[in-house]
Amino acid sequence: REAVRQIKNKRGKESVYTVSYFAQVKSLVKRQSQLIIGNRFDLFSRYFSVVVQGFIYATTFLFLPLTAAGGFTRGGALFIALLFNSFLQQAEVPGTFIGRGIIQRQKSYAMYHPSAFYISQVVLDIPIIGLQCTLFSLITYFLFGLNLT
């Protein structure tokens, strides 16, 4: 108890947390990455689903005419590609609301700041979602028959 009290005195009276904000984010990134690695099945099934749906969407718009008659359809193909990635992220919203109670409880115990938790999630979501969008975009772009130049 005395060691914790001394650490808190060094941090100042305005903070109830024993470690700095950066240290909280760093430890939470490590924890979130361990959770993601521990749940590989969901990650790989998400990527598999993106690849399969990419082929399905791409074959819907396969062999579009290269004339002006295919211009409207190409616009629709690009729109559906953008829409697909945005709808895919909507599936994560309920999980965020489910975890809010846990985050508030951990905040009341002064374990870590809630914004540090969300920043750590964003830091880890960027490469995961980036790879997901890249997989979908590579499949659809080439099968849509868009220009390579």
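Definitions and cut-offs
- Residues numbered from 1 in each chain as written.
- Predicted model: local features only at pLDDT ≥ 70, side-chain atom pairs only at ≥ 80, totals over all residues.
- Heavy atoms only, no water.
- Axes fitted to C-alpha atoms, helices over the stretch in contact; angles between N-to-C directions.
- Helix = DSSP H or I, 4+ residues; strand = E, 2+ residues; numbered from the N terminus.
- Parallel < 35°, antiparallel > 145°, perpendicular 65-115°, else oblique.
- Left-handed = near helix turned anticlockwise from the far one by under 90°.
- Contact = heavy atoms within 4.5 Å.
- Nonpolar A, V, L, I, M, F, W, Y, C, P; charged D, E, K, R; others polar.
- Expected span 1.5 Å × (residues − 1).
- Bend = angle between axes of the 7 residues up to and from the residue.
- Buried < 20%, exposed > 50% of the residue type's maximum accessible area, 1.4 Å probe, protein only.

**Overview of the packing of helix α4 (residues 71-90) against helix α7 (residues 114-144)**
- Interaxial distance between α4 and α7 falls to 11 Å at its minimum, and their mutual angle equals 160 degrees. Judged by the angle between their axes, α4 and α7 are roughly antiparallel. Note on packing geometry: the crossing formed by α4 with α7 is right-handed. Touching R74, A77, L78, A81, F84, N85, L88 and Q89 of α4 are I129, Q132, C133, F136 and F144, all from α7.
- For the contact of α4 with α7, a count of residues per class yields nine nonpolar, three polar and one charged.

**Some remarks on α7**
- Over its 31 residues, α7 extends 43 Å from the first C-alpha to the last, a length consistent with the 45 Å expected when each residue adds 1.5 Å.
- Taken as a whole, α7 carries its principal kink of about 30 degrees at D125; the proline P127 stands between one and four residues after it.
- Burial in α7 covers these residues: P114, A116, F117, S120, L124, I128, Q132, F136, I139, T140 and F144.
- Positive backbone phi, at 80 degrees, marks G145, one or two positions downstream of α7.

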